[in-house]
Amino acid sequence: MSKQDESEAISLFKELAKYPEVRSAKFLNSQKHYMNVESVWTQRCLEKSESHKFKRNCLIDADTSEVITRSNPQLHLECDWHVISPSGQKSVVIRKHIPDKTKPAEEKWYFEVWASSGFCEKVINVSATEKHGAVYDDDGAFGSVAWNTAEDKIVYVAEKKKVESGSYFAKPSKCQDNPPEPGMKFVSTEDWGEMLVDKKQPVVCVIDLNSEEVKVVEQGLENMSCGQAVWCPDDKGVVFSAFFQEPFRLGMIYCPVRRSVLHHYNLETDSLKPLTDENGNISVRSARFSPDGSKLVYLECKAGGPHCRTQKLMLINWLEKEECSVLIDIFESASSDYDGFHGIYSQNLTVNCWDSCSTHVIFSTSCKSAKHIFSVELQTGSITRLTDTPGCWLVRDIQGDQMLASVSCIDMSPALVVASLKDLAKGMSLSWKYLDPVTRIPGIKWQFKSHVPRIPNPVYSSLTYESIVLQPSNRTSKGLILFPHGGPHSVFTAGYMSFSLSMAKLGFTVALVNYRGSTGFGEASIRSLVGNIGDADVKDIHQCAEEILEEFGLDREKVAVFGESHGGFLAAHLIGQYPDFYKAAAIYDAVTNLVTMVPVTDIPDWVHSEANVTGYSPGKVPTAEVNAYLYSKSPVAYINNIKAPTMVLVSGKDKRVPPSQGTEFYKGLLYREIKSRLFVYPEDSHGSVSLEATADSFINLCKWFETYLQ
């Protein structure tokens, strides 16, 4: 790669990475005719290798949704939570404070109660109560914070208090009636895996803001991890999810299939009642009460199996105390019915997901290669799509008759939008108003492309899959880069992605491949891949490459492949199974050997589930026959065929796909004298990639592909 081309890549990535991303957005204390929107954004600063976080407020007309005023960006002060009370007159800010920076283990947690007039009414040091450990942040798995309607109590989630154990040789304390058992200091307890490091046993806590007393809900839940708590409408209790942790904890992030129970805890009677089957093989999460307090909805799916599968939307008529019923069932296949709806694949519902009349539930979900917003009407079960243009639409908040969302597109920077739900009640299409100016990115063109598998699945023979193809519009293509997603049960949606957009702007044709097994195409598509990883998904991607080469008249001698996680697994398979076709490759945090993956990953069940190993349960030692089968499905089984120069990138703190997977493959390539280079980003993990690593990997990938696709 010439210095001029390198400078172009650096300049272009800097330009496209500068557009801010919406981190959160919500309605604040709004008046009858005005709505106040507060949003938090992150903007990448490549020069400093860090992201800036800023806050912005926007005042809009409640009747017309037109912007009245928009504040200048303000520096966002870090806190773990900022939650507005139901009346909008108070808010709670939860912060972690470390008095002595040399002793991070001595962290303290403070609850700041703020009035709408702008002053702090009270600060409570919850660590001083010694009832629990660290307060959980918004981790997407357990953490939650909610006010009750009386606004005198808050429910939250924290780490269970750890009983400190001393040495066998220390003198027992005379002031302790029941001293802890000695010698237990170094007993290991696993955490909940990737991105939940040191989170081991979350408990639901309730703090009384007047007395400052903390109640920990733990009786009968000694062997459960609890979270996602919400208040019951009468303030007398809370509802939360409780996850089983035996025989040991399995990774939770990106895996909303962990066995769990929905519980109701009554504060007045100190009693616990399961709302779902304690013996059922289900995973339940994201409980949400309707504004009128009469109904409760939550997400449910079968526990175990594929890690991201279609969810059911369940309903409980709270006042009648009826049994759970199915509001939206599993959708087996993608069809043209239901306004393009193909099932729910969201891991959580928005905190405020109901309309003001408590008649509709509103949610975002992937819909083939896009993400849209849908509503379901409770009485009829009718499902309606509320967004029209393709892209990535996310519900952010609902207050009264107003809905706040974010939207982006392949060639459009992220923006906030609002719409009135009054149109929904009238059966009319929603009219979306943009709160932010958007930027259209010139110099590229893109399209969805549908593919019919040449070799259909014998059970699910009607399945199709898609790709999103990006091309430079003002220059000749330098070559084709295939980019399959990870998961494997994930999906590329047509939202703003500076990484692939930059590749296209530099002159490459980029194909984001949503092979069979991707979410958004129905449960049948997901099940079709089980037992067929390394085969059906690989064939889908290769067929996609051949069809794009033919349709767009591209050079067959200039094809490369790049993938992350399971996408890296597929990229490594492709260069081994089609060694003369792919001229260059790069794999990032890639699974390369299923046999050696099992004992080191936080999700060993993923290996056996996707490979369809029967009779497996977490912790069971595989037989020699099982290991031979897993090896046959691994990229390392084809390493002797590889010819393509291959870049290997690993994250040093990855618990999902530990770096040993990448280094093992890299050494195998070196042994065979294949051109290769290893990049190690020591502080990164699987779900948290630093800006420095993102920028560095992009430029090095460009150089790699430019060099070997010439």
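What this report covers is the structure whose coordinates are included nearby. (Residues numbered from 1 in each chain as written. Predicted model: local features only at pLDDT ≥ 70, side-chain atom pairs only at ≥ 80, totals over all residues. Heavy atoms only, no water.)

## Describing the overall build of the chain
From N to C terminus, the chain includes eleven helices and 37 strands. Taking 27 Å as the expected radius of gyration for a compact globule of 710 residues, we find that the chain reaches 26 Å, a close match to that expectation. If you line up the chain on its principal axes, its C-alpha atoms span 70 × 70 × 50 Å. Counting across all 710 residues of the chain, residues that qualify as buried make up 55%. Partitioning the intrachain contacts of the chain with sequence separation of at least 6 by distance along the chain shows that 61% fall at a separation of at least 24. Approximately 30300 Å² of the chain is accessible, and the part contributed by carbon and sulfur atoms is 49%. Positive and negative side-chain charges in the chain, numbering 73 and 87 respectively, have mean positions lying 3 Å apart. (Helix = DSSP H or I, 4+ residues; strand = E, 2+ residues; numbered from the N terminus. Rg over C-alpha atoms; globule rule 2.2 N^0.38 Å. Buried < 20%, exposed > 50% of the residue type's maximum accessible area, 1.4 Å probe, protein only. Contact = heavy atoms within 4.5 Å. Areas by Shrake-Rupley, 256 points an atom, 1.4 Å probe, with all protein chains shown as cover. Lys, Arg positive; Asp, Glu negative; His and termini not counted. Charge placed at Lys NZ, Arg CZ, Asp CG, Glu CD.)

## Section: the packing of helix α1 (residues 3-16) against helix α3 (residues 498-505)
Following both chains from N to C, one finds α1 and α3 inclined at 140°, their axes separated by 10 Å at the closest point. When the axis of α1 is compared with that of α3, the two are oblique. Crossing hand, α1 versus α3: right-handed. Between α1, through Leu12, Phe13 and Leu16, and α3, the contact on the second element is made entirely by Ser498, Leu501, Ser502 and Lys505. In terms of residue class, the contact of α1 with α3 is made up of four nonpolar, two polar and one charged. (Axes fitted to C-alpha atoms, helices over the stretch in contact; angles between N-to-C directions. Parallel < 35°, antiparallel > 145°, perpendicular 65-115°, else oblique. Left-handed = near helix turned anticlockwise from the far one by under 90°. Nonpolar A, V, L, I, M, F, W, Y, C, P; charged D, E, K, R; others polar.)

## Observations regarding the sheet that holds strand β8 (residues 108-115)
Strand order in this open sheet of four strands is β6-β7-β8-β9, and the pairing throughout is antiparallel. What marks the edges here is a single partner per strand, and that holds for β6 (81-84) and β9 (120-125). If you compare each strand with its neighbour and ignore which way they point, the axes differ by 15° on average. Relative to β9, β8 is paired through five bridges, and the arrangement is antiparallel. (Pairing = 2+ DSSP bridges.)

## Examining the sheet that holds strand β16 (residues 237-244)
Taken in spatial order, the four strands make up an open sheet running β15-β16-β17-β18, and their pairing is antiparallel. Two strands close off the open sheet at either side, each with one partner strand: β15 (224-231) and β18 (271-274). The average angle at which neighbouring strand axes cross in this sheet is 30°, direction not considered. With four bridges connecting them, strand β17 (residues 260-266) and β18 associate as antiparallel partners. The residue of β18 that forms the bridge with His263 is Pro274.

## As for the environment of Val613
Here Val613 is to be found in the loop between α8 (604-611) and α9 (624-632). Judged by its relative accessible area of 15%, Val613 is buried. Through-space distance from the C-alpha of Val613 to that of Val530 is 9.6 Å; in sequence the pair is 83 residues apart.

## Some details on the side chain of His264
Within the secondary structure, His264 is located in strand β17. Among the residues examined, His264 registers a relative accessible area of 15% and is labelled buried. Once residues lying within four places of it in the same chain are set aside, the contact partners of His264 are Cys232, Gly237, Val238, Val239, Ser271, Leu272, Lys273, Leu275 and Trp318.

## Observations concerning the pattern of salt bridges
Taken as a whole and assessed by the stated rule, the structure comprises 34 salt bridges. Within the structure, one salt-bridge network assembled from shared partners comprises Arg309, Glu332, Glu523 and Arg527. (Salt bridge = Lys/Arg side-chain N within 4 Å of Asp/Glu carboxyl O.)

## Describing the packing of aromatic side chains
Considering all chains together, one arrives at 20 aromatic pairs under this definition. Taken together, the ring pairs connect Phe13, Phe483, Phe492, Phe499, Phe562 and Phe698 into an aromatic cluster. Looking at Lys199, its charged tip hangs above the ring of Tyr136, at a distance of 4.7 Å from the centre. Sitting above the plane of the Phe244 ring, Arg259 keeps its charged end 3.8 Å from the centroid. (Phe/Tyr/Trp six-rings, centres within 6.5 Å; stacked < 30°, edge-to-face > 60°. Lys NZ or Arg CZ within 6 Å of the ring centre and 35° of its normal.)

## Some thoughts on helix α11 (residues 691-708)
Compared with the 26 Å implied by 1.5 Å per residue over 18 residues, the 26 Å span of α11 between its first and last C-alpha is a close match. Within α11, 13 of the 18 residues are buried, leaving the element largely enclosed by the surrounding structure. (Expected span 1.5 Å × (residues − 1).)

## Here we look at the nonpolar core
Counting residues in hydrophobic clusters, the biggest one holds 54 residues, and the most contacted among them are Leu480 and Leu482. Counting residues per element, this core draws most heavily on helix α5 (residues 536-552), at eight residues. Those residues in contact with Leu482, other than ones at most four positions away along the chain, are Ala511, Val513, Ile541, Cys544, Ala545, Val559, Ala560, Val561 and Phe562. Counting 42 residues, the second-largest nonpolar core is a separate cluster that includes Phe13, Ile410, Leu512 and Ala560. (Core = buried A, V, L, I, M, F, W, Y, C linked by side-chain atoms within 4.5 Å.)

## Describing unusual backbone geometry
Omega for the peptide link from Glu246 to Pro247 comes to 0°, which places this bond in the cis form. Looking at the element boundaries, Pro247 is found in the loop between β16 and β17. Gly487 connects to Pro488 through a cis peptide bond whose omega is 5°. Here Pro488 lies in the loop between β32 (480-484) and α3. For Gln228, which is not glycine, the phi torsion reads 55° and is therefore positive. For Gln228, a relative accessible area of 7% gives the class buried. Residues other than glycine seldom take positive phi values, yet Asp589 does so here, at roughly 50°.

## Examining the side chain of Arg258
Among the structural elements, Arg258 can be located in the loop between β16 and β17. For Arg258, the side chain forms a polar contact with the side chain of Asp605, separated by 2.8 Å. For Arg258, the residues in contact, after removing those within four places along its chain, are Phe243, Leu250, Gly251, Met252, Ile282, Ser283, His307, Ile603 and Asp605. (Polar contact = N/O pair within 3.5 Å; in protein donor to acceptor, adjacent residues only side chain to side chain.)

## Topic: the packing of α1 against α11
For the pair α1 and α11, the least separation of the axes is 10 Å and the interaxial angle reads 145°. The interaxial crossing formed by α1 with α11 has right-handed handedness. Here Asp5, Glu6, Ala9, Ile10 and Phe13 of α1 lie close against α11, whose contacting residues are Thr694, Ala695, Phe698, Ile699, Cys702, Lys703 and Glu706. For the contact of α1 with α11, the residue count by class is seven nonpolar, one polar and four charged.

## Thoughts on α1
In a regular helix each residue adds 1.5 Å, so 14 residues correspond to 20 Å; α1 covers 20 Å between its end C-alpha atoms and thus fits that length. Every buried residue of α1 is listed here: Glu6, Ala9, Leu12, Phe13 and Leu16. The buried side chains of α1 occupy one side of the element, clustering within an arc of 135° when seen end-on. Structural note: α1 exposes Lys3 and Gln4 on the side pointing more than 90 degrees away from its buried face. (Arc of directions from axis to C-beta.)

Keep in mind these numbers describe shape, not what the thing actually does.
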